[in-house]
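Residue-level structure breakdown
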Amino acid sequence: MLKLAIITGFLSKTKDRFHEYNQPLDLDSKLKLMSEMEGFDGVEIVYPYEVNDPVKTRALLKKYKLKVAAVNVNVKAEPEFRNGGLTSLDKKIRNKAVRFIREAKDFAEAVGADQGHLLPAGRRL
């Protein structure tokens, strides 16, 4: 049986160059919404701007009976990463991107991230 996940960031306020979409929601509201959708078993959460407290996150996941399919490390969307995260010419920015990735690895383990058994919606094997 194929299991699917949704990137939680898409369930809340998001934007592109031209427009902002949806109302901002906190993590609890996003996970509640996810739990009400049929056919999805997990979430892809965005670290560190959306989630950074593994205890709180794990409790919310348990509350809504959801699994973590992936932890998306945000080293691209924030203005400081506009010219690259890992590829930035600024050593401070590169170091911050590496730190975020290391922290996200520990965060994923702490929240019990699934070991790749779920696929975020729209991604193929």
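All figures in this text were calculated on a predicted structure; none of them were measured in a lab.

With that settled, consider the pairing of strand β4 (residues 42-47). Counting buried residues in β4 gives six out of six residues, a clear majority hidden from the surface. Burial along β4 is two-sided: Gly-42, Glu-44 and Val-46 and Val-43, Ile-45 and Tyr-47, pointing in opposite directions, are all buried. As paired elements, strand β1 (residues 4-7) and β4 share three bridges and run parallel to each other. Paired with Ile-6 across the two strands is Val-43, which belongs to β4. Taken together, β4, helix α2 (residues 54-63) and strand β5 (residues 67-73) form a β-α-β motif whose crossover is right-handed.

Now for helix α1 (residues 27-35). For α1, the full list of buried residues reads Leu-27, Lys-30, Leu-31 and Met-34. Summarising the axial view, the buried residues of α1 lie within an arc of 95°, below the 170-degree limit, and thus occupy one face. In this fold, the buried residues of α1 make contact with β1, β4 and α2.

Ranked by internal contacts, the top residues of the largest apolar core, which has 26 residues, are Leu-31 and Val-71. Residue assignment for this core shows that the elements contributing at least two residues are α1, β4, α2, β5 and α3 (91-110). Ranked by the residues each element gives to this core, the list is headed by α3, at six residues. Excluding its chain neighbours within four sequence positions, the residues that come into contact with Val-71 are Ile-45, Tyr-47, Ala-104, Phe-107 and Ala-108.

Take the layout of surface pockets next. Computed from the structure, the largest pocket encloses a volume of approximately 630 Å³. As for the largest pocket, its lining consists of 22 residues, of which Lys-13, Thr-14, Asn-74, Ala-77 and Glu-78 are closest to the centre. Those elements that provide at least two residues to the lining of the largest pocket are β2 (14-15) and α1. For the lining of the largest pocket, the class distribution of residues is nine nonpolar, five polar and eight charged. Put simply, the second largest pocket is a space of about 180 Å³. As for the second largest pocket, its lining consists of ten residues, of which Leu-61, Leu-66, Lys-67, Val-111 and Gly-112 are closest to the centre. Looking at the lining of the second largest pocket, the elements with two or more residues in it are α2 and β5. With three residues, α2 is the largest single contributor of residues to the lining of the second largest pocket. Of the residues that constitute the lining of the second largest pocket, the class distribution is four nonpolar, one polar and five charged.

About the thresholds
Residues numbered from 1 in each chain as written. Predicted model: local features only at pLDDT ≥ 70, side-chain atom pairs only at ≥ 80, totals over all residues. Heavy atoms only, no water. Buried < 20%, exposed > 50% of the residue type's maximum accessible area, 1.4 Å probe, protein only. Helix = DSSP H or I, 4+ residues; strand = E, 2+ residues; numbered from the N terminus. Pairing = 2+ DSSP bridges. Right-handed = clockwise from strand over helix to strand, strands pointing away. Arc of directions from axis to C-beta. Contact = heavy atoms within 4.5 Å. Core = buried A, V, L, I, M, F, W, Y, C linked by side-chain atoms within 4.5 Å. 1 Å grid on protein atoms, 1.4 Å probe; cavity = no way out; pocket = protein on both sides within 12 Å on 5 of 7 lines; lining within 4 Å. Points joined across faces, edges and corners; volume = space filled by probe spheres on them. Nonpolar A, V, L, I, M, F, W, Y, C, P; charged D, E, K, R; others polar.

Read these as geometric descriptors, not functional statements.
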